[in-house]
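As a plain string of letters, each chain reads:
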Amino acid sequence: MPGGPERTGMVAALLAAAFPASLAQTIVIAALPVLRDELDVPAAQVTWTLTAFMLAGAVVTPIAGRLGDLYGHRRILVACLLLFTAGTVAAGLAAAAHSFGWLVAGRAVQGTGSGAFPLALGIARSALPPHRLRGVVALVSAVFGIGGSAGMVVAGPLVDAAGTPWLFWATLVLAAGALALATRLPATRPGGSGRIDPVGAVLLPATLVCLLLAISQGRAWGWGSARVIGLFRARPWRWPPSRRPSCASARRWSTCGCCAGADRPPPRWPPWSCAWRCSVRSR
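Residues numbered from 1 in each chain as written. Predicted model: local features only at pLDDT ≥ 70, side-chain atom pairs only at ≥ 80, totals over all residues. Heavy atoms only, no water.

**A closer look at the side chain of Thr164**
Link 1 in the chain: Residue position: Thr164 is located in the loop between helix 8 (130-162) and helix 9 (166-182).
Link 2 in the chain: The exposure class assigned to Thr164 is buried, which follows from its relative accessible area of 0%.
Link 3 in the chain: Beyond its immediate chain neighbours, meaning those up to four positions away, Thr164 contacts Val34, Leu35, Glu38, Ala95 and Val159. (Helix = DSSP H or I, 4+ residues; strand = E, 2+ residues; numbered from the N terminus. Buried < 20%, exposed > 50% of the residue type's maximum accessible area, 1.4 Å probe, protein only. Contact = heavy atoms within 4.5 Å.)

Listed below in structure tokens is the structure:
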């Protein structure tokens, strides 16, 4: 376990690793009207520069935490920061070239930097004593809010002074510094077991993209249009086949015991059935 000065440096490196992603997620909000004019896209489409980041972050955050448990938190943290840096470069070049598609793609790659939060917490949990862990967890959590607020504040002056590409070049400087500090963090031993569900990792963003695209473009395309209905009905995910609860599971959630000993699972419908009443009562 690192000593006093090393421990302080490690905490600073963890905060530096979490700050660029928290700043990047909101830094385009104040610049959306400017980006809309420069990219010549409707207002409903330009918001995808924000949505792409949030969507990627929502998908990557749990996966990154799981990968950190399986292969080591520092290794996955460095990988997330490398992807974040690459996405920042792509977004900056796309903003300079006024390319909306590449800007959205770069922002989506930037969103992988959101995985730094669970990974930073995992490193802190494994490298810090319990009496200091609470304070570090609070600081990392606070960085999330501070960076998000700072992104909305600095975006306007930065765009006025240097233009929209500097929304990403300024973030790139922070990302490079965070990456340099992350390589000096203590390595953590893989302590998890199991595997990642690759099908679920693909279907989750595909489903969210279909829903968000249909909702955001519903007014422009028409809520009854074939494209909107097709996106709502596409459903890349599929629920598993419905299975009736076994007698053992019925007895486990039943609170009245009236289903115990049944030779078949009790019906959950209509509302006056025994299983329905038991499940409601146990909530």
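Continuing now.
**Quick word on helix 2 (residues 32-39)**
Link 1 in the chain: Residues of helix 2 that are buried include every one of Leu32, Leu35 and Leu39, and no others. All buried residues of helix 2 lie within an arc of 60° about the axis, which places them on one face of the element.
Link 2 in the chain: Of the surrounding secondary structure, the elements contacted by the buried residues of helix 2 are helix 3 (43-46), helix 4 (48-71) and helix 6 (100-110).
Link 3 in the chain: One or two positions beyond helix 2, positive phi appears at Asp40, with a value near 55°. (Arc of directions from axis to C-beta.)

**Regarding the packing of helix 4 against helix 10 (residues 198-221)**
Link 1 in the chain: The geometry of helix 4 relative to helix 10 is characterised by a closest axis approach of 11 Å and an angle of 155° between their N-to-C directions. One finds that helix 4 runs roughly antiparallel with respect to helix 10. Helix 4 and helix 10 meet at a crossing whose hand is right-handed. On helix 10, the residues that touch Trp48, Thr51, Leu55, Val59 and Ile63 of helix 4 are Ala201, Leu204, Pro205, Leu208, Val209, Leu212, Leu213 and Ser216.
Link 2 in the chain: Among the residues forming the contact of helix 4 with helix 10, the class breakdown is 11 nonpolar, two polar and no charged. (Axes fitted to C-alpha atoms, helices over the stretch in contact; angles between N-to-C directions. Parallel < 35°, antiparallel > 145°, perpendicular 65-115°, else oblique. Left-handed = near helix turned anticlockwise from the far one by under 90°. Nonpolar A, V, L, I, M, F, W, Y, C, P; charged D, E, K, R; others polar.)

**Side note on the packing of helix 4 against helix 6**
Between two packed helices, both the angle of their axes relative to each other and the distance between the axes serve to describe the pair.
Link 1 in the chain: Relative orientation of the contacting elements helix 4 and helix 6 amounts to 30°, with a least axis distance of 7 Å. As summarised for this structure, helix 4 and helix 6 are arranged roughly parallel, according to the angle between their axes. Like other packed secondary-structure pairs, helix 4 and helix 6 cross with a definite hand, here right-handed. Residues Trp48, Thr49, Leu50, Ala52, Phe53 and Ala56 of helix 4 touch helix 6, and the partners they reach there are Phe100, Leu103, Val104, Arg107, Ala108 and Gln110.
Link 2 in the chain: Of the residues assigned to the contact of helix 4 with helix 6, the class counts are nine nonpolar, two polar and one charged.

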